[in-house]
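# Observations on the model geometry
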Amino acid sequence: MEHALEFREVTKQYTGFTLDRVSLQLPKGCIMGLIGENGAGKSTMIKLIMDLIRKDGGAITVLGQDSVNLPRQTKEAVGVVMDECCFPEYVNLQSANKIMKSIYRMWDETKFQELVQRFSLPEKKTVKEYSRGMKMKLSIAVALSHRPQLLVLDEATSGLDPVVRNEILDVFLDFIQDETHSIFMSSHILSDLEKACDYITFLHQGKVIFSDEKDRITEQYGVLKCSEKELESIDPSLIVGKRKNAFGAEALVLKSKLRGGYLIDNATVEDMMLFYIKEKEQ
Amino acid sequence: MIGLLKKDVMSFSGQTKIYLLVILLYGVFSFFSKDASMFSVLVSLFGAMYVVTAMAYDEKSGWNKYALTMPVSRDDIVIAKYLLGALFTACAFILNIVMAFAVAPGNLLESIYQVLPFAGIALFYIAVVLPILFKLGVEKGRMMMLVAFFAPTILFLFIKESGINLDWLTEDLLNRIIPFTPVFIVLLLIGSAWLSCRIFRKKEL
Amino acid sequence: MTILYILNIYNITLGGALFFMNILISNSSGQPIYEQIVSQIKSMILTGELKAGDALPSMRLLAKELRISVITTKRAYEELEREGFIFSVTGKGSFVAEKNTEFVKEENLRQMEEAMQKAVELANLCGVSLSELTETLRLIYKGE
């Protein structure tokens, strides 16, 4: 079974930053969350997927096709949402529909109307008058209305309030009910990713630190709370990262290997990211 | 590509409606003063500038990188702009003929000959300016655009002042060259489009 | 088999939300999510709340409604199938298997042993001897 998206040893060099041999695989029917600090290379990866910038090495396949010079048919099947709404300011719902109808062969006007109503987007206003939330909702509605098989989202929900984000998450989960559909989304809002992702790829300073099933994080890792002294007595190979406070210490540990009645909380994706980065800094 | 054109034409509604009003007013003024020349200049200028406006809207919204995620190629984006320029030049041309005819009704062919140079200049301008805009973008390209606009005039003045012998440029010779200018313009446009495609294909967005 | 099939279609076509079952997931318990699903569905089958032939929600629907990964629900269903509690028909979904009384007893025995294992571990942790443990067990049993 071919993957929906695949990166193989992809490299991109800029002065001062390098995306270094990034590899990942997104099986069809799954959602992958891409996490990482600002400047870790997430947007670069997304631009590379859509061939907006050139890579220096490696290969990317999108729905089985090489990302360089993607055939039109494949582009029809990919829905992209950028971190900003890219419609010119004079566009309103009606004109957006007209434009997209002429661009996409598979444009589904009914679906677009449905989504636009579900999102309560104003009919008469132009993009210029939209709030950030409305702009993103429009972009998402457009991305879902040409019968895509793969959704690629670059920080599509940042800057939105939790209520709106929840709505949008519902729409994504509906999308994924069809097992030929897949989603690749980069986000800072880790709580969103916790809710729905099947896979997580953690990118840090251009390198992939972790790319695996999200549940492995919760199963394998835990956040240990103990005293500083106790922390020192633990096998350092089990510790991913630690943090000390005035009243004790915390550490991300491989909980299956840790024997004894320690106080261990479930680890979240956010824990994974924060502890890892903290460790790197020290 | 049709979709891209539609998008650009749609920008006409909105603040650009003011320009339409200006044209209308000027039209009325020209009609009553029996002088179509200012009108022709204005309309042709506007037609050519419109392409620049469309590029500016695209740049501001980041449309091009979005468009490339659609079943649209880089060449499509470039060609659509040239088609837009041609479309607006054609509209300006028609408006000019109507005005010329209204001001001095008579020989239709005469009117067309009067108005044709304006269309030619507009297309020439588009051919020169578009590669600049694709390479530098609208913000950075503004300076270059002004240069391109004034360069022919400056060049002409320079030649005149420098006293270079232009005796060989007889009226007879000019009359023979002029019928070929449309061909020249078309070739220039094709060359410009080719250049723009090359520039845009390499651009990182 | 045909009768079961018709019943299941009835269940499904009434709309995705009409599964009269409650599955409650806790993020803060130490138990992996897929295990929680497995044990809850199991107990519903054992208590008869879910009858043989009942359709289970699709893995994807369950994942969506509970806001968890579809890999988790898939794992849960695979485990349930492996232990014989449900069976899957490709293209139709998963259904509760015929109740096997022997199976049920085995399952209960397994859970009892698991609980005993836990009790022993805790006893070791706080230094409780075997005789003390047995005594406590006797009292609890009697108290029932």
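My aim in this report is to walk through the structure given alongside it, one point at a time.

## Describing the overall build of chain C
Of regular secondary structure, chain C possesses 6 helices and 2 strands. In sequence order, the secondary structure elements of chain C are arranged as α-α-α-α-β-β-α-α. By residue count, 22% of the 144 residues in chain C fall in the buried class.

## Looking at the overall build of chain A
Broken down by element type, chain A carries 10 helices and 14 strands. Expected size for 282 residues packed as a compact globule is a radius of gyration near 19 Å; at 21 Å, chain A falls within 12% of this value. Principal-axis analysis of the C-alpha atoms places the extent of chain A at approximately 65 × 40 × 35 Å. Sorting the 282 residues of chain A into buried and exposed places 45% on the buried side. Residue pairs in contact within chain A that sit at least 24 positions apart in sequence constitute 69% of those at least 6 positions apart.

## Points about the pairing of strand S2 (residues 17-26) of chain A
Residue and element names in this part refer to chain A. Examined bridge by bridge, strand S1 (residues 5-14) and S2 share 7 bridges and lie antiparallel to one another. For Phe 7, the partnering residue across the bridge sits in S2 and is Leu 24. Connecting the antiparallel pair S1 and S2 is a turn made up of 2 residues, with Gly 16 showing a positive phi of about 90 degrees.

## Some thoughts on the interface of chain B and chain A
The interface is formed by 22 residues belonging to chain B together with 22 residues belonging to chain A. Those elements that place two or more of their residues in the side of chain B that touches chain A are helix H1 (2-10), helix H3 (37-61) and helix H4 (63-67) of chain B. The element that contributes the greatest number of residues to the side of chain B that touches chain A is H1 of chain B, accounting for 5 residues. Partitioned by chemical class, the residues of the side of chain B that touches chain A number 10 nonpolar, 7 polar and 5 charged.

## Concerning unusual backbone geometry
Residues and elements named next belong to chain A. The backbone of Glu 9 shows a phi angle near 50 degrees, a positive value even though the residue is not glycine. Along the polypeptide, Glu 9 turns up in strand S1. Taking the number of C-beta atoms within 10 Å as the measure of exposure, Glu 9 has 11 and is therefore exposed.

## A short note on helix H1 (residues 42-49) of chain A
All names here are of chain A. The buried fraction of H1 amounts to 7 of the 8 residues, a majority that puts the element mostly inside the structure. Within H1, the full set of buried residues consists of Lys 42, Thr 44, Met 45, Ile 46, Lys 47, Leu 48 and Ile 49. The positive-phi residue at the C-terminal boundary of H1 is Asp 51, with phi of around 60 degrees.

## A look at the arrangement of the chains
Considering every one of the 2 pairs of chains in contact, the largest contact total is recorded for chains A and B. At no point do chain B and chain C touch; the closest pair of C-alpha atoms across them sits 28 Å apart.

## Quick notes on the sheet that holds strand S13 (residues 248-254) of chain A
All names here are of chain A. In spatial order, the strands read S12-S13-S11-S14; together these 4 strands make up an open sheet with antiparallel pairing. Edge positions in the sheet fall to strand S12 (239-245) and strand S14 (263-266), since each of these pairs with one other strand and no more. Between one strand axis and the next, the sheet turns by 25 degrees as a mean value, whatever way the strands run. Summarising the sheet, S12 and S13 pair through 6 bridges and their orientation is antiparallel.

## Some words on the nonpolar core
Among the nonpolar cores identified, the biggest contains 149 residues, and Ile 49, Leu 150, Val 152, Phe 184 and Met 272 of chain A together with Val 51 and Ile 126 of chain B are the most heavily contacted of them. If one sorts the elements of this core by residue count, helix H6 (residues 108-162) of chain B sits on top with 13 residues. Residues within four places of Ile 126 of chain B in sequence aside, it is in contact with Ala 48, Val 51 and Gly 85 of chain B.

## Details of the pairing of strand S9 (residues 199-204) of chain A
Residues and elements named next belong to chain A. Of all 6 residues that make up S9, 5 are buried, and the element is covered over most of its length. Relative to S9, strand S3 (residues 31-35) is paired through 4 bridges, and the arrangement is parallel. Bridging across to S9, Ile 35 finds its partner in Phe 202. One ladder, built from 6 bridges, connects S9 with strand S10 (residues 207-213); its direction is antiparallel.

## Section: the interface of chain C and chain A
Every contact between the two is made by 12 residues of chain C and, on the other side, 15 residues of chain A. Going through the elements one at a time, helix H3 (59-66) and helix H4 (70-82) of chain C are the ones with two or more residues in the side of chain C that touches chain A. A class-by-class count of the residues in the side of chain C that touches chain A yields 5 nonpolar, 4 polar and 3 charged.

## Focus: the packing of helix H5 (residues 74-103) of chain B against helix H8 (residues 181-202) of chain B
All names here are of chain B. For the pair H5 and H8, interaxial distance at closest approach is 9 Å and the crossing angle is 145 degrees. Of the two possible hands of crossing, H5 and H8 adopt the one that is right-handed. Residues Arg 74, Asp 75, Ile 77, Val 78, Ile 79 and Tyr 82 of H5 form the contact with H8, whose participating residues are Leu 189, Ala 193, Ser 196, Cys 197, Phe 200 and Arg 201. Grouping the amino acids of the contact of H5 with H8 by side-chain chemistry returns 8 nonpolar, 1 polar and 3 charged.

## Brief notes about the environment of Pro 162 of chain A
With respect to the helices and strands, the residue Pro 162 of chain A is situated in helix H6 (residues 162-175). Residue class for Pro 162 of chain A comes out exposed when judged on the 11 C-beta atoms lying within 10 Å of it.

## Focus: the packing of helix H2 (residues 17-33) of chain B against H5 of chain B
All names here are of chain B. Between H2 and H5, whose axes approach to 9 Å, the crossing angle comes to 30 degrees. Taken as axis vectors, H2 and H5 run roughly parallel relative to one another. Crossing of H2 over H5 shows right-handed handedness. For the pair formed by H2 and H5, the contact residues are Gly 27, Ser 30 and Phe 31 on the first element and Met 99, Ala 102 and Val 103 on the second. Its residues assigned to classes, the contact of H2 with H5 comprises 4 nonpolar, 2 polar and no charged.

## Observations concerning the sheet that holds strand S5 (residues 65-66) of chain A
Residues and elements named next belong to chain A. Ordered by their spatial adjacency, 4 strands build an open sheet running S2-S1-S4-S5, and the pairing between neighbours is antiparallel. Across the chains shown, the open sheet's two edge strands, defined by having one partner strand only, are S2 and S5. Of the pairings in the sheet, the one linking S1 to strand S4 (residues 57-62) comprises 5 bridges and is antiparallel in character. Pairing of Leu 5 across the sheet is with Val 62, part of S4. Contacting S1, S2 and S4, H1 crosses the sheet at an angle of about 115 degrees to S1.

The rules we used
- Residues numbered from 1 in each chain as written.
- Chains lettered and ligands numbered in written order.
- Predicted model: local features only at pLDDT ≥ 70, side-chain atom pairs only at ≥ 80, totals over all residues.
- Helix = DSSP H or I, 4+ residues; strand = E, 2+ residues; numbered from the N terminus.
- Buried ≥ 20, exposed ≤ 12 C-beta atoms within 10 Å, placed from the backbone.
- Rg over C-alpha atoms; globule rule 2.2 N^0.38 Å.
- Contact = placed C-beta atoms within 7 Å.
- Pairing = 2+ DSSP bridges.
- Nonpolar A, V, L, I, M, F, W, Y, C, P; charged D, E, K, R; others polar.
- Axes fitted to C-alpha atoms, helices over the stretch in contact; angles between N-to-C directions.
- Core = buried A, V, L, I, M, F, W, Y, C linked by C-beta atoms within 7 Å.
- Left-handed = near helix turned anticlockwise from the far one by under 90°.
- Parallel < 35°, antiparallel > 145°, perpendicular 65-115°, else oblique.

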